[in-house]
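Structural overview for review
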Amino acid sequence: MPRPQISPAKLSIERLPVVMARTGRSRPSIYLDMKKGIFPQCFKVGSRAVGWLSSDIDAWIESRVQAGRIGHTRVGRVND
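Residues numbered from 1 in each chain as written. Predicted model: local features only at pLDDT ≥ 70, side-chain atom pairs only at ≥ 80, totals over all residues. Heavy atoms only, no water.

Another aspect to go through is the overall build of the chain. A count of helices and strands for the chain gives three helices and three strands. Long-range pairs, those at least 24 residues apart, make up 43% of the contacts in the chain with a sequence separation of at least 6. Taken as a whole, the chain presents about 6600 Å² of accessible surface, with 57% of it coming from carbon and sulfur. (Helix = DSSP H or I, 4+ residues; strand = E, 2+ residues; numbered from the N terminus. Contact = heavy atoms within 4.5 Å. Areas by Shrake-Rupley, 256 points an atom, 1.4 Å probe, with all protein chains shown as cover.)

Right under this line is the structure:
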């Protein structure tokens, strides 16, 4: 399946500390979920460095927000 084209203006790489801060996830949980295939995969940006596309992290955050909203409806007050 081909990946969608990313606009160069929106193309940026985030390193682990930024990804952890944005997602609220710890390093072990990020790598565990990558292994499970439920978190965006990182890629090499240097001989000893990895990063994530910011757009992939944005999409993951949005999917979590949407998943959290499914099944949650606002309950009104019940009149006696």
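What follows continues from the structure just given.
With that out of the way, let us pick up the packing of helix α1 (residues 16-23) against helix α3 (residues 54-69). Angle between the axes and distance between the axes are the two parameters that describe a pair of packed helices. Relative orientation of the contacting elements α1 and α3 amounts to 20°, with a least axis distance of 11 Å. It follows from the interaxial angle that α1 and α3 lie roughly parallel. Here α1 and α3 pass one another in a crossing that is right-handed. For the pair α1 and α3, contact is made by V19, R22 and T23 and by S54, I57, D58, W60 and I61, respectively. For the contact of α1 with α3, a count of residues per class yields four nonpolar, two polar and two charged. (Axes fitted to C-alpha atoms, helices over the stretch in contact; angles between N-to-C directions. Parallel < 35°, antiparallel > 145°, perpendicular 65-115°, else oblique. Left-handed = near helix turned anticlockwise from the far one by under 90°. Nonpolar A, V, L, I, M, F, W, Y, C, P; charged D, E, K, R; others polar.)

This next bit is on the confidence of the model for the chain. Put simply, the chain has an average pLDDT of 86, and 76% of its residues get 70 or more. Across the chain, the secondary-structure element scoring lowest on mean pLDDT is α3, at 93, and the one scoring highest is helix α2 (residues 27-36), at 98. (pLDDT = per-residue confidence, 0-100.)

Bringing α1 into the picture now. Each turn of an α-helix holds 3.6 residues, which means side chains three or four residues apart point in the same direction. What α1 keeps buried is the set L16, V19 and T23. Along the axis of α1, the buried positions cluster into a sector of 60°, meaning they face one direction only. Summarising the geometry of α1, the exposed residues directed more than 90 degrees from the buried face are P17 and A21. Buried-residue contacts for α1 involve β1 (13-14), α2, β3 (49-53) and α3. One or two steps after α1, the chain reaches G24, where phi turns positive at roughly 75°. (Buried < 20%, exposed > 50% of the residue type's maximum accessible area, 1.4 Å probe, protein only. Arc of directions from axis to C-beta.)

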